[in-house]
Amino acid sequence: MTLTIYFLFFILIIIAFYVAVQDNHINALLSYGAFGTIISLLFFTMNAPDVAIVNLTVGAAFIFFIYVIAIKKVAKVKIYFISAPYLVEFIDGQMKGFEHHILKEFLDEKRLDVDYIEIESEKAIETLKKKGDILIGGFVVEEDIPDVVKSEHFLPTKLISFGHPLKTDFGTYYKNIERQYYKDFENDFVVDVIRFKYLMYTGKKFETAKTTEILNTGYTILFSKNKEFLAKEFDEYLLNLKNDKDYYNELIRRYIG
Amino acid sequence: MKKKIIALFLIIPIFLLLAFYMEIGDAQSPYTAQEILVENGSINMVAAIVLDYRLFDTFFEVLVFTLAVTGVSYYVKKLPVVSDSDFEKTSITVNVFAPIMFQMIVLVSLYVAVAGHIGPGGGFAAGVILGTGLLGVTFVKPMEDIEKIFIKSKIEKYKIITPFLIAIYGILGIVWGDSFFTNIPLVGQPGKLLSGGAIIILNLLIGFEVFAGTWTILYKFIKHRGML
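All of these numbers come straight from a predicted model, not from anything done at the bench.

(A) Broad picture of the confidence of the model for chain B. Residues and elements named next belong to chain B. Scored by pLDDT, chain B has a mean of 85; 93% of the residues are at 70 or more. The spread of mean pLDDT over the elements of chain B runs between helix α7 (residues 143-153), the lowest at 82, and helix α4 (residues 55-76), the highest at 91. Quick note on the complex model: pTM equals 0.67, ipTM equals 0.76.

This is how it looks when you write it as structure tokens:
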């Protein structure tokens, strides 16, 4: 009997450590349920069946249910997007693009429900700060935006300048320059590689033909401040994805060419 | 992470120091178990102590619980009502299983309350079991149905009466005993359902109180904050 009690105490300590260091909410909750069950077993072996019953209902069932509902509510992620060619596009009622693909794989792995909402490019950052969770759409961020967490670069890119760098697109945050919709550019602007390629592909002519590469950088995904933990998890996921070189290159080939 | 580990290593020695150097006074009861059985008549000694010898403590526990629930429902009322609570269809297993489980849970809860003095159990456990069962039902039933039952039963008002009834019972103790909170002197035969004086009634009252409190909190949260 004494041995059983020692054994149960030992398991309790292990589970308590596990709950304390666990980052995944579902895992932590399940182990908390196990903790409640074992502690009530312990009460039962130590001749306190009344306490065991109460702990089984409160510690293992009631709190567990409430947390399940809370997690279910929190697990719904609002994703705002501005459309960017090859990265995030909404075509024929379906989301497409490289950035959307990797984000969707990441969120599926975390078992999160997703709402996609398209927003105007001008108000993107403000909306993210106010009520959103994640903002996607080919963002190149080279300056600090308050209350917004940016992920690692998921795809390398360059900033290309036509003439003087006076204007830039809504997806680019570089040295506080003025912003304008990229399809309306005429001269003297900075743009990232994919949008530049898209402009070339549509056959637009510009007054200044002189192009210079300013900066080697990468596209990031923006998270709101209260989803900072998600950004960290996404960075880990990204590291694994980049290590799997074949798959990563195949994805790039499939979406961008 | 570092902070967590440091905190743990600080907490453990403090706990051990307290555990080894704490002087436990000699708080031994003058009663023996046999005397309690003869005097009170309930086999479950915990029920006898909680609902007879220490009923005064239990009364204040119930009072605190009632006050807490009243406070929660008062402050949550100030939040705006969420009208479009997005009820989502759960999986078919939960859909079928939850209502069936609820009926069993109601039975178990009633048993735990009624047989609190002849076995492990009691009012608090019964109330929480029933509340948990209802929480399971909220997974499958839409908000409107629950609201209808909640308003129709007027449970929110009746639950305030419980401490009042226990107080009246306590005062009536001087009628059949020599002081307040005395048990009804109907010992009965230990082991039978009708034994232990008023313990059955008190268990049922406390069970109802705890259940109503849990249900009120759940209802208020669902109504004013969407899904809890």
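After presenting the structure, the write-up continues.
(B) Expanded view of the interface of chain A and chain B. Counting residues at the interface gives 18 residues for chain A and 23 residues for chain B. For the pair chain A and chain B, the summed buried area comes to about 1800 Å², and 77% of that belongs to carbon and sulfur atoms. A per-residue breakdown of the area chain A buries against chain B is headed by D50, F62 and I69 of chain A, which together make up 32% of the total. In this structure, the connection of chain A to chain B is made through 0 salt bridges. Run the count over chain A and chain B and you get 3 residue pairs in polar contact (both at pLDDT 80 or more). Listing elements by their share of the side of chain A that touches chain B, those giving two or more residues are α1 (2-21) and α3 (49-74) of chain A. With 14 residues, α3 of chain A is the largest single contributor of residues to the side of chain A that touches chain B. Grouping the amino acids of the side of chain A that touches chain B by side-chain chemistry returns 13 nonpolar, 1 polar and 4 charged.

(C) Seen up close, α7 of chain B. Residues and elements named next belong to chain B. Here α7 has its buried residues at M143, I146 and F150. Looking straight down α7, one finds that the buried residues subtend no more than 70° of arc, so they occupy a single side. Looking at α7, the residues exposed on the side facing more than 90 degrees away from the buried face are K148, I151 and K152. Backbone geometry just downstream of α7 places K154 in the positive-phi region, at approximately 55°.

(D) Spotlight on the nonpolar core. Core analysis: the biggest nonpolar cluster contains 36 residues, and L87, L103, I134 and F154 of chain A have the highest contact counts within it. Broken down by secondary-structure element, the contributors of at least two residues to this core are β1 (76-81), α4 (98-109), β5 (134-141), β7 (155-162), β12 (211-224), α7 (228-243) and α8 (245-255) of chain A. Contacts of L103 of chain A, omitting those with residues within four sequence positions, involve I79, I134, I136, I221 and F234 of chain A. With 14 residues, the next largest nonpolar core counts L55, A198, I206 and V210 of chain B among its residues.

(E) Representation of the side chain of D52 of chain B in the model. Residue and element names in this part refer to chain B. Counting through the fold element by element, D52 comes out in helix α3 (residues 45-53). Although D52 is buried, it makes no salt bridge; R54 carries the closest opposite charge, 8.9 Å away. A distance of 2.4 Å separates polar atoms of two side chains, one belonging to D52 and the other to N40. Not counting residues up to four positions away in its chain, the partners in contact with D52 are N40, A47, F181 and N183.

(F) Expanded view of the environment of P49 of chain A. Within the element layout of this structure, P49 of chain A appears in helix α3. Taking the relative accessible area as the measure of exposure, P49 of chain A reaches 25% and is therefore partly exposed. If we ignore the near neighbours within four places in the chain, the residues touching P49 of chain A are F44 of chain A together with P120 of chain B.

(G) Region of the structure containing the pairing of β12 of chain A. Residues and elements named next belong to chain A. Two strands pair when backbone bridges link them, and β5 and β12 are joined in this way by 3 bridges, in the antiparallel orientation. Residue pairing for β12: L135 is matched across the bridge by L222. Looking at chain direction, strand β6 (residues 148-150) and β12 are connected through 3 bridges and run antiparallel. Looking at the pairing, V149 lines up with F223 of β12. With 8 bridges joining them, β7 and β12 adopt antiparallel strand pairing. Note on β12: the bridge partner recorded for S161 is T212.

What counts as what
- Residues numbered from 1 in each chain as written.
- Chains lettered and ligands numbered in written order.
- Predicted model: local features only at pLDDT ≥ 70, side-chain atom pairs only at ≥ 80, totals over all residues.
- Heavy atoms only, no water.
- pLDDT = per-residue confidence, 0-100.
- Helix = DSSP H or I, 4+ residues; strand = E, 2+ residues; numbered from the N terminus.
- Contact = heavy atoms within 4.5 Å.
- Buried area = accessible area lost by both parts, 1.4 Å probe.
- Salt bridge = Lys/Arg side-chain N within 4 Å of Asp/Glu carboxyl O.
- Polar contact = N/O pair within 3.5 Å; in protein donor to acceptor, adjacent residues only side chain to side chain.
- Nonpolar A, V, L, I, M, F, W, Y, C, P; charged D, E, K, R; others polar.
- Buried < 20%, exposed > 50% of the residue type's maximum accessible area, 1.4 Å probe, protein only.
- Arc of directions from axis to C-beta.
- Core = buried A, V, L, I, M, F, W, Y, C linked by side-chain atoms within 4.5 Å.
- Lys, Arg positive; Asp, Glu negative; His and termini not counted.
- Pairing = 2+ DSSP bridges.

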